[in-house]
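Below, each chain spelled out in residue letters.
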Amino acid sequence: MDYLELIQLNCPLFAGISQEERTSLVSCLSPRPVRCRRGQLLWQEGDRIGSVGIVEQGAIRILRDDFWGNRAILSQAEPGDLFGEAYAWGGEPLGVSVEAAEDSRVWLLDVARILTPCTSACSFHTKLVGNLVAVLAGKNRLLSRKIDHLSQRSTRAKVLSYLSFEAARQGSASFSIPFDRQGMADYLAVDRSALSQELSKMRRDGLLDFHKNQFRLLEQ
C-alpha cells in the first residue's frame, strides 16, 4: 500500500522523525485508510477500539449526545490531528462518539503496534511513543482550557474566554475557528439563538467583528 500521504502529513505523532525514517516506521505500523462522508459515525459511544486515528483530509468531531438528543461537541480533529488516543488501549468502551464533520479521509493505526517496538528496536519508534505521550499531555491541557470556558457563568463570558484563547493560540486578533454557529454553540454548551444574539450585542458593543467563522477581536 502507498503510504505517501500519511508520511508527508504534518502530524505531531511523527515530530522529530525524518521522512526516510517515517517510511520504515509507517510500513511497520501498517495503518489502514478509511473514508467517511459528512455526518457518518466512525466510532459510536460504547464501542471498544484499539486504534488511534489521524486525519488526512476533512475534519472529525468528538461528541456526546444525551438521552434527549442534546449534542455537545468536545473537540474537533483536523488534518494532522490525532483522535481516539485516550480510548485506544485498556479496553474501556468509548464514552464519546466520533463523527465526520465533513467528507474526510483518516488513517487508523493499531495502538499495539505503536506501543510495541519493532524487532530492530529502532530509535525512531521510541520517539514515536514519546510523541504519543506528548499528544496526550497536550490534549489534557486543552481539556483544562475548555473547562475554563464552560465554567464561565454567562454566554458572553464563555464566548470571550473561548475567543481570547483562540486569539492567543493563533497569535493574532484576527483568526478563524473550526465551527459554524451551531457547532460553536454545541462546543460552548449554549443555545444557538442565545449565542447569535450575544455575538450581535458584542459586535454593537465594539468588542469584536465576525463573518461566519472568521473573528476579529477589537481593542477598547
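Computed from a prediction, not measured in an experiment: that's the story for all the values here.

### Digging into the pairing of strand E4 (residues 60–65)
Logical step 1: For E4 and strand E5 (residues 71–77), the ladder comprises six bridges, and the chain directions are antiparallel. Paired with isoleucine 62 across the bridge in E5 is serine 75.
Logical step 2: Here E4 folds back onto E5 in antiparallel fashion, the turn holding five residues, of which glycine 69 has a positive phi close to 90°.
Logical step 3: Here E4 runs beside strand E7 (residues 97–100); their pairing, made up of four bridges, is antiparallel. Within the sheet, the bridge partner assigned to leucine 63 lies in E7 and is serine 97.

### Structural notes on the nonpolar core
Logical step 1: Of all hydrophobic cores here, the largest spans 23 residues; its most connected members are Leu13, Phe14, Ile54, Leu82 and Leu128.
Logical step 2: Each residue touching leucine 128, except ones within four places of it in the same chain, is listed here: Leu13, Phe14, Ile17, Leu25, Leu29 and Ile114.
Logical step 3: Membership of the second largest hydrophobic core comes to 19 residues, among which are Ile73, Ala185, Leu208 and Phe210.

### Some thoughts on the sheet that holds strand E3 (residues 51–57)
Two pairing modes exist for strands in a sheet, parallel and antiparallel, and in both the strands are linked by backbone hydrogen bonds.
Logical step 1: Across the sheet, four strands lie side by side as E1-E8-E3-E6; this open sheet has antiparallel pairing. The two strands at the open ends of the sheet, each matched to only one other strand, are strand E1 (32–36) and strand E6 (82–83).
Logical step 2: Where E1 lies against strand E8 (residues 104–110), five bridges are found, and the strand directions are antiparallel. The residue bridging proline 33 from the neighbouring strand is tryptophan 107, located in E8.

### Points about the sheet that holds strand E9 (residues 174–176)
Logical step 1: Strand order in the open sheet formed by three strands is E9-E11-E10, with antiparallel pairing between adjacent strands. In this open sheet, the two strands that pair with only one neighbour each are E9 and strand E10 (208–211). Taking the axes of each pair of neighbouring strands and ignoring which way they run, one obtains an average angle of 20° across the sheet.
Logical step 2: Here four bridges tie E10 to strand E11 (residues 214–217), and the two strands are oriented antiparallel to one another. What sits directly across from aspartate 209, in E11, is arginine 216.
Logical step 3: Strands in contact with helix H5 (residues 155–170) are E9, E10 and E11; relative to E9, the strand with the most contacts, it is inclined by about 100°.
Logical step 4: Across the sheet, helix H7 (residues 192–204) is in contact with E10 and E11; its angle to E10 comes to roughly 130°.

### Things to note about unusual backbone geometry
Logical step 1: Even without glycine at this site, serine 30 takes up a positive phi of about 50°.
Logical step 2: Note on placement: serine 30 falls in the loop between helix H2 (19–29) and E1.
Logical step 3: Since its relative accessible area comes to 36%, serine 30 is described here as partly exposed.
Logical step 4: In this structure, lysine 212 takes a positive phi of about 55° despite not being glycine.
Logical step 5: Residue classification places lysine 212 among the exposed residues on the basis of a relative accessible area of 62%.

Cut-offs used in this document
Residues numbered from 1 in each chain as written. Predicted model: local features only at pLDDT ≥ 70, side-chain atom pairs only at ≥ 80, totals over all residues. Heavy atoms only, no water. Pairing = 2+ DSSP bridges. Helix = DSSP H or I, 4+ residues; strand = E, 2+ residues; numbered from the N terminus. Core = buried A, V, L, I, M, F, W, Y, C linked by side-chain atoms within 4.5 Å. Buried < 20%, exposed > 50% of the residue type's maximum accessible area, 1.4 Å probe, protein only. Contact = heavy atoms within 4.5 Å. Axes fitted to C-alpha atoms, helices over the stretch in contact; angles between N-to-C directions.

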